[in-house]
Every structure is written in structure tokens, then in C-alpha cells.
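The chain contents come next:
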Amino acid sequence: MLLPKRTKYRKSQRGKRKGLAVSGSTVCFGEYGIKALGSAWLKNNQIETARIILSRRLRRGGKLWIRVFPDKSVTKKPAESRIGKGKGEVDSWVAVIRRGRVLFEIGGIPEDYARASFRLVAYKLPFKTMFVKRR
């Protein structure tokens with residue numbers, strides 16, 4: 001699972017997810033990419049699941065770039081605990097995804113195979129996505 005080695009603060013506030021992705025909205029490294037059409041938190045296990053799907057589909061034939069990293073901590077209080085007593089402990093790590101962000105890129109494979117691979121990944125993501133090509 002992906003998580004940062006260290007952070008400035010252990011617990012972070014929730015923040016806002018509205019707006020468009022300012023950086024990371026174009027295909028830079030590979031030939032094809034998958035772009036988010038919605039805003040959400042992408043959990044580290046969802047990123048890992050997508051990585052496993054794509055790496056199995058590539059079978060050393062192409063190259064994979066992961067353009068997101070879960071650097072935001074999400075806290076959770078234990079079940080059946082009373083209100084108060086401070087913020088809960090860190091439960092998971094997420095990447096904040098805004099609309100228009102390129103999540104994964106692949107290169108070195110045909111376009112129809114890349115489309116089919118990204119379609120399998122899109123089923124596992126919590127928002128709608130779009131297949132994009134390098135310009």
C-alpha cells in the first residue's frame with residue numbers, strides 16, 4: 001500500500017474537493033491516460049488495485065506511470081465511542097482528486113489494448129473517467 005514516509009502533521013483537516021485540477025491535467029509521460037471526470041478521494045487500496053490490473057495487462061510489454069499519490073491522512077473514531085475526546089486516529093491515506101486530473105498513463109502498447117485496460121480500471125474507481133491520448 002502507498003503511504004508517505006513522513007508528514008509535517010499526523011492528522012489533516014478534510015478540505016475542499018471542488019474545482020478543476022490545476023496541475024496534472026495533460027498526458028506527459030506515456031501515450032495514453034485515464035482522466036477523472038469527477039472529484040473524490042482516491043484511497044491507497046484503490047490505487048493499488050488499479051496498479052495491479054494495469055501491470056498484469058502490460059506483462060512487461062509497456063510502461064506504466066502512476067500520477068497520483070495518497071498523501072492526505074483520514075482519521076476515524078472507533079465504533080460505539082462517545083462524542084468528544086478529540087480527533088480519531090489515522091485510519092487510511094487518500095489522494096485528493098479534482099475533475100480533470102490524469103491518474104494513470106501507459107505507453108508502448110496499441111491504442112485498443114490501452115482502452116480495454118483502462119476500462120477494467122474504471123470499474124474500480126469511485127468516479128467517471130475518460131480515455132485521453134497525448135497531443
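Enquirer: Got a minute to help me understand the packing of aromatic side chains in this structure?
Expert: Aromatic ring pairs are reported here in terms of the distance separating the ring centres and the angle at which the planes meet. Counted by the stated rule, this structure contains 3 aromatic pairs. For the pair Tyr32 and Phe131, a centre-to-centre distance of 5.6 Å together with 25° between the ring planes defines the contact as stacked. Within this pair, whereas Tyr32 is found in strand β1 (residues 32-36), its partner Phe131 is found in strand β7 (residues 129-133), the two being separated by 99 residues in sequence. Note on Tyr32: relative accessible area 10%, which makes it buried. Put simply, the rings of Tyr32, Phe118 and Phe131 touch in pairs and so form one group of aromatic residues. Lying over the aromatic face of Trp41, Arg17 brings its terminal NZ or CZ to 5.1 Å of the ring centre. Of note, Arg57 hangs over the ring of Tyr113, and the distance from its end group to the ring centre comes to 4.5 Å.

Enquirer: Explain helix α2 (residues 111-122) here, please?
Expert: Side chains that are three or four residues apart share a direction in an α-helix, a result of its 3.6 residues per turn. If you check α2, its first and last C-alpha atoms are 16 Å apart, about what 12 residues at 1.5 Å a residue would give, namely 16 Å. Listed as buried for α2 are Ala114, Ser117, Phe118 and Val121. In a view along the axis of α2, the buried residues occupy a sector of 95°, so they form one face of it. On the buried face of α2, the contacting elements are β1, α1 (44-58), β6 (102-107) and β7.

Enquirer: Whenever I open this one, the sheet that holds β6 confuses me. Can you help?
Expert: By way of backbone hydrogen bonds, the strands of a sheet pair with one another, either parallel or antiparallel. Strand order across the open sheet formed by 4 strands is β3-β6-β1-β7, with antiparallel pairing between neighbours. Across the chains shown, the open sheet's two edge strands, defined by having one partner strand only, are β3 (63-66) and β7. Strand-to-strand twist in this sheet, taken as the mean axis angle between neighbours without regard to direction, amounts to 20°. Note that β1 and β7 share 5 bridges and pair antiparallel. Following the sheet pairing, Lys35 is matched in β7 by Met130. Across the sheet, α2 touches β1, β6 and β7, and the angle it forms with β1 is around 30°.

Each value, and the rule that gives it
Residues numbered from 1 in each chain as written. Predicted model: local features only at pLDDT ≥ 70, side-chain atom pairs only at ≥ 80, totals over all residues. Heavy atoms only, no water. Phe/Tyr/Trp six-rings, centres within 6.5 Å; stacked < 30°, edge-to-face > 60°. Helix = DSSP H or I, 4+ residues; strand = E, 2+ residues; numbered from the N terminus. Buried < 20%, exposed > 50% of the residue type's maximum accessible area, 1.4 Å probe, protein only. Lys NZ or Arg CZ within 6 Å of the ring centre and 35° of its normal. Expected span 1.5 Å × (residues − 1). Arc of directions from axis to C-beta. Contact = heavy atoms within 4.5 Å. Pairing = 2+ DSSP bridges. Axes fitted to C-alpha atoms, helices over the stretch in contact; angles between N-to-C directions.

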